[in-house]
Amino acid sequence: MQAYLDLLADVMEKGTDKGDRTGTGTRSVFGRQIRYDLAEGFPLLTTKKLHFKSIAVELLWFLRGDTNVRYLKENGVSIWDEWALESGELGPVYGAQWRNWKGADGQFYDQVQALVDGLKKNPNSRRHIINGWNVALLPDESKSPQENAAEGLMALPPCHALYQFYVADNKLSASLYIRSNDLFLGHPYNTASLALLTHMLAQQCDLEVGDIVLSLGDAHIYANHFEQVETQLQRTPKQLPQLRIKRRPASIFDYEFDDFEIEGYEADAHIGAPIAV
């Protein structure tokens, strides 16, 4: 994970201080890319301990097509609570776009099922894509997340906007474009989530795992995370853990959290930081 630490150091040293939607302030750079070979281990950050359950449950929530935080809260995950209505609704965020994209013809399209079908039937295709950037449902930036959700729009626009998958030598690789990336809190979660999804898809499609590539647009560190970043930069990465998937469910939609086990995860202590709402 040294590449991640190098990116943090680069942003702290060379980034531009800017305002942002939350009013917190950021230091940012534009256009960066990080690659991980999944054969070398599961890319779960080791310079601070991460809550793998939050990462896995959130991904399962996306795959359910769910947009209400109820499922997350029932599984002890609170990472979306700040943006939800009292009812728990978030509007048509990731899960809705992944599983129920409404087309101009009025039909709903399941991008995840189409992806699995495509990987199995035509692995050489260059169209293995999941897109979250549905322009018609993006929130009004002048309104609060809750106001947007109440009006049937996304509480927040998707940060991880476009996924593409690639098969070569019987290995599945994945590329993710993240338009806006909170490097201290968000990026380690995004990395592990992409790796987990790639492992799950590979298992379902009888493939091995290859590389994951994260391409970042606005890569930033919030001003109230500077001290925490400096603490993390003093730490040395440890050996990556391994992911074990205990069973092969009937479909990509039938995994449960207990199906996953992270083996050999040794990490430095968690570093707390406030989230910018």
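Residues numbered from 1 in each chain as written. Predicted model: local features only at pLDDT ≥ 70, side-chain atom pairs only at ≥ 80, totals over all residues. Heavy atoms only, no water.

**Q** Explain the packing of helix H2 (residues 52–64) against helix H7 (residues 186–204) to me, please; I cannot follow it from the model alone.
**A** The description of two helices packed together rests on the angle between their axes and the distance between the axes. At a closest axis distance of 10 Å, the pairing of H2 and H7 adopts a crossing angle of 55°. What the angle tells us is that H2 and H7 run oblique. Handedness of the H2/H7 crossing: right-handed. Residues Phe52, Ser54, Ile55, Ala56, Leu59, Leu60 and Leu63 of H2 lie in contact with H7, whose contacting residues are Tyr189, Ala192, Ser193, Leu196, Leu197 and Met200. Here the contact of H2 with H7 is built from residues that sort into eleven nonpolar, two polar and no charged. (Axes fitted to C-alpha atoms, helices over the stretch in contact; angles between N-to-C directions. Helix = DSSP H or I, 4+ residues; strand = E, 2+ residues; numbered from the N terminus. Parallel < 35°, antiparallel > 145°, perpendicular 65-115°, else oblique. Left-handed = near helix turned anticlockwise from the far one by under 90°. Contact = heavy atoms within 4.5 Å. Nonpolar A, V, L, I, M, F, W, Y, C, P; charged D, E, K, R; others polar.)

**Q** Honestly, the pairing of strand S9 (residues 242–245) in this entry has me stumped. Any pointers?
**A** When a strand is regular, its side chains alternate between the sheet's two faces. Residues Leu243 and Ile245 line the buried face of S9, whereas the alternating positions Gln242 and Arg244 sit on a face that is not buried. Inspection of the sheet shows S9 paired to strand S10 (residues 260–263) by four bridges, in the antiparallel sense. Along S10, the bridge assignment pairs Leu243 with Ile262. (Buried < 20%, exposed > 50% of the residue type's maximum accessible area, 1.4 Å probe, protein only. Pairing = 2+ DSSP bridges.)

**Q** Help me understand the pattern of salt bridges, please; the structure alone is not making it clear to me.
**A** A pair can form between side chains of opposite charge whenever their charged atoms are brought close. Across all of its chains, the model carries 14 salt bridges by this definition. Across the pair Arg27 and Asp17 runs a salt bridge whose closest N-O atoms are separated by 2.7 Å. Linking Arg27 in strand S2 (residues 26–37) with Asp17 in strand S1 (residues 16–18), this pair joins segments that are ten residues apart in sequence. By relative accessible area, which is 52% here, Asp17 ends up exposed. (Salt bridge = Lys/Arg side-chain N within 4 Å of Asp/Glu carboxyl O.)

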